[in-house]
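Examining the three-dimensional arrangement
Here is how the chains run, residue by residue.
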Amino acid sequence: MSHSLIAVSLLSLSHITPADAAHGRHAATKHRAVKKLDAAAPPEAQIIGTINGQVLTERDVENRGRLFALSTGLSISPELMQRLRPQIIRQLVDERIKTQELLKRHINIPPQQIADTIRNIEARNGMPTDALRSRLRNDGVSLSTLIDQIRVQLGWMTILRQEVGGRARITAREIEQREAALKAEEGRPQYNVSEIFVPVADPRHPEPELEFTKTIIAELRKGAPFPIVAAQFSRAQTALDGGALGWVQEDSLDPPVVAIVRAMPIGAISNPIQVAGGYDIVTVHARRTVGHQLANLVTLRQAFFPFTSALNPRNPTEQQKQALDRATSAVKRVRGCDAMEQLNKSLGEKRPSDPGNGSSLVLDRMNEQMKSVISHLGIGVPSKPLVSPDGIALIMVCAREQKNVAQQSPSEIADNLLNERVEQASRQLERDLERRSVIKLRPNAHASAH
């Protein structure tokens, strides 16, 4: 399914391995043959490097660049893509190394798991099912570009679970110790932070990574979505969650980061922050005091009536008029969350019945429009039809509660402790694999072939 795996079998001759060295004439013949083929290839098919014998082509780099442009929704100039190119190449090299480790460990990610991940991406961004596939196709981006990236991310988490092994078990004693530490921190500040970590390959010459970090910051400040940029370019494990660190205390952050998050406005994007191993970009979503933050939590269900085409409010189609009629009728007759779930399933469940995915949602963190709708709803009663370009939603409140969200449950503490171990294992393994790899990039690899 992965184009890169096909490339390994067809073009691995472009790399001279130690075994080939024992047969110098034969290896040299193969190498000349590949160079001759590459010279005759169109620019997008040209090989710009090999990673342990696996090729990296101009097409791979262009596809990843287009995926970034599509993901952010911004108009990306050729000049910007040229500045992003070195980091895109480094990211692809890193993914090749990880893919090879997946093969070595015989780790296979089921297609259904990848499909589910794509559906989750669509749901989080309010997109109907298969909308992402269509957008990729319309923008000339190979679906395999997204699939390969997701496969590596999911497979790497499997590897890390193997690496952590028995250390994945968090003991009651460890949870008690963290609870005691949290209690001692009561009254101190806590921050809801997201990050993008850009590692520096050579600490003596950090200029390329610093320039890349500044470029990313400029795009974030223009409106590029932080979670999507983090998923594309961050090398921390939080990339899988859009860069979200969640609620953290100052002693969990690097000292240079602490100094920034104390002072920066909510929602702002930081300048590059030099930390051990690279640069951090951070944004602060909220602040609170440890042990003191009451929040209104709601459990929701929704039903979604999809449109078969994008809505033109001045000229709705017959199907869109019928969808509105059905939604209006449902408001009058549907009562209770079980009934709302059944209704959504009958509509094809184009959006998840449970927007919280099994968890309560914090009402105070919702946008003002949605907060206004939900605040006035009775339990088990549908909202009025909420019309969007791709369909009509009905929202229902199943339960309300007020909770001190600054207090972490034992399970949340255990998750945080495990995440810390996983992040440490990831960085160590990445360094080890890169040290053992043979990476050959052409001298002009960072310059576009076009």
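Higher on the page you've got the structure.
Residues numbered from 1 in each chain as written. Predicted model: local features only at pLDDT ≥ 70, side-chain atom pairs only at ≥ 80, totals over all residues. Heavy atoms only, no water.

A few points about the overall build of the protein
Each helix and strand counted, the protein has 16 helices and 11 strands in total. The burial tally for the protein puts 44% of its 450 residues in the buried class. Long-range contacts, defined as pairs at least 24 residues apart, comprise 75% of the intrachain contacts of the protein with a sequence gap of at least 6. (Helix = DSSP H or I, 4+ residues; strand = E, 2+ residues; numbered from the N terminus. Buried < 20%, exposed > 50% of the residue type's maximum accessible area, 1.4 Å probe, protein only. Contact = heavy atoms within 4.5 Å.)

A word on the pattern of salt bridges
If charged atoms from side chains of opposite charge come close, those side chains can pair. Applying the stated criterion across every chain yields a total of 24 salt bridges. A salt bridge links R119 to D116; the shortest N-O distance between them is 2.4 Å. Of the two residues, R119 and D116 both sit in helix α6 (residues 111–124), three residues apart, roughly one turn of that helix. With relative accessibility at 31%, the residue D116 sits in the partly exposed group. Residues D354 and R301 are paired through a salt bridge, measuring 3.5 Å at the closest nitrogen-oxygen approach. With D354 in the loop between α14 (337–346) and β8 (361–362) and R301 in strand β7 (residues 294–306), the pair connects residues that are 53 residues apart, well separated along the chain. (Salt bridge = Lys/Arg side-chain N within 4 Å of Asp/Glu carboxyl O.)

Let's talk about the packing of helix α9 (residues 172–184) against helix α16 (residues 410–436)
For the pair α9 and α16, the least separation of the axes is 10 Å and the interaxial angle reads 100 degrees. Accordingly, the angle class assigned to the pair α9 and α16 is roughly perpendicular. For the pair α9 and α16, the contacting residues are E174, I175, R178, E179 and L182 in the first and P410, I413, A414, L417, E420 and R421 in the second. The residue inventory of the contact of α9 with α16, partitioned by class, reads six nonpolar, no polar and five charged. (Axes fitted to C-alpha atoms, helices over the stretch in contact; angles between N-to-C directions. Parallel < 35°, antiparallel > 145°, perpendicular 65-115°, else oblique. Nonpolar A, V, L, I, M, F, W, Y, C, P; charged D, E, K, R; others polar.)

So, the pairing of strand β6 (residues 278–289)
Pairing of strand β3 (residues 189–199) with β6, which is carried by 11 bridges, proceeds in the antiparallel orientation. What sits directly across from Y191, in β6, is R287. Hairpin connection of strand β5 (residues 273–275) to β6: two residues between the antiparallel strands, including G277 at a positive phi of 90 degrees. (Pairing = 2+ DSSP bridges.)

A word on helix α5 (residues 78–104)
Working note: α-helix, 3.6 residues per turn, so residues spaced by three or four point in the same direction. Compared with the 39 Å implied by 1.5 Å per residue over 27 residues, the 37 Å span of α5 between its first and last C-alpha is a close match. Along α5, the largest kink reaches about 45 degrees and is centred on R85; proline P86 follows within four residues of it. Looking at the residues trailing α5, positive phi occurs at H106, about 60 degrees. (Expected span 1.5 Å × (residues − 1). Bend = angle between axes of the 7 residues up to and from the residue.)

Let's talk about the state of the cysteines
Tallying each qualifying case throughout the model produces one disulfide. A disulfide bridge connects C337 with C398, and the sulfur atoms are separated by 1.8 Å. On the sign convention where negative is left-handed, the bridge of C337 and C398, at about -115 degrees about the S-S bond, is left-handed. With C337 in helix α14 and C398 in strand β10 (residues 391–404), the pair connects residues that are 61 residues apart, well separated along the chain. (Disulfide = S-S within 2.5 Å.)

Topic: the nonpolar core
Core analysis: the biggest nonpolar cluster contains 49 residues, and L84, I196, I216, L220, V229 and I281 have the highest contact counts within it. If you tally residues by element for this core, the top one is α5, at nine residues. (Core = buried A, V, L, I, M, F, W, Y, C linked by side-chain atoms within 4.5 Å.)

Here we look at the sheet that holds strand β4 (residues 244–249)
The antiparallel open sheet is built from four strands, whose spatial order is β4-β3-β6-β5. Two strands close off the open sheet at either side, each with one partner strand: β4 and β5. Here the average twist between neighbouring strands, direction ignored, is 45 degrees. The pairing of β3 with β4 spans five bridges and is classified as antiparallel. Of the residues in β4, the one forming a bridge with Q190 is Q249. Contacts from helix α10 (residues 207–222) reach β3 and β6 within the one sheet, and its direction differs from that of β6 by about 40 degrees. Across the face of the sheet, helix α12 (residues 255–263) comes into contact with β3, β5 and β6 while running at roughly 45 degrees to β6.

Details of the environment of F212
Residue placement: F212 occurs in helix α10. Its relative accessible area of 2% is what places F212 among the buried residues. Separated by 125 residues in the primary sequence, F212 and Q87 have C-alpha atoms spaced 7.0 Å apart. Leave out the neighbours within four places in its chain, and F212 touches L84, Q87, V198 and F233.

The quantities given are spatial measurements derived from coordinates; they are silent on function.
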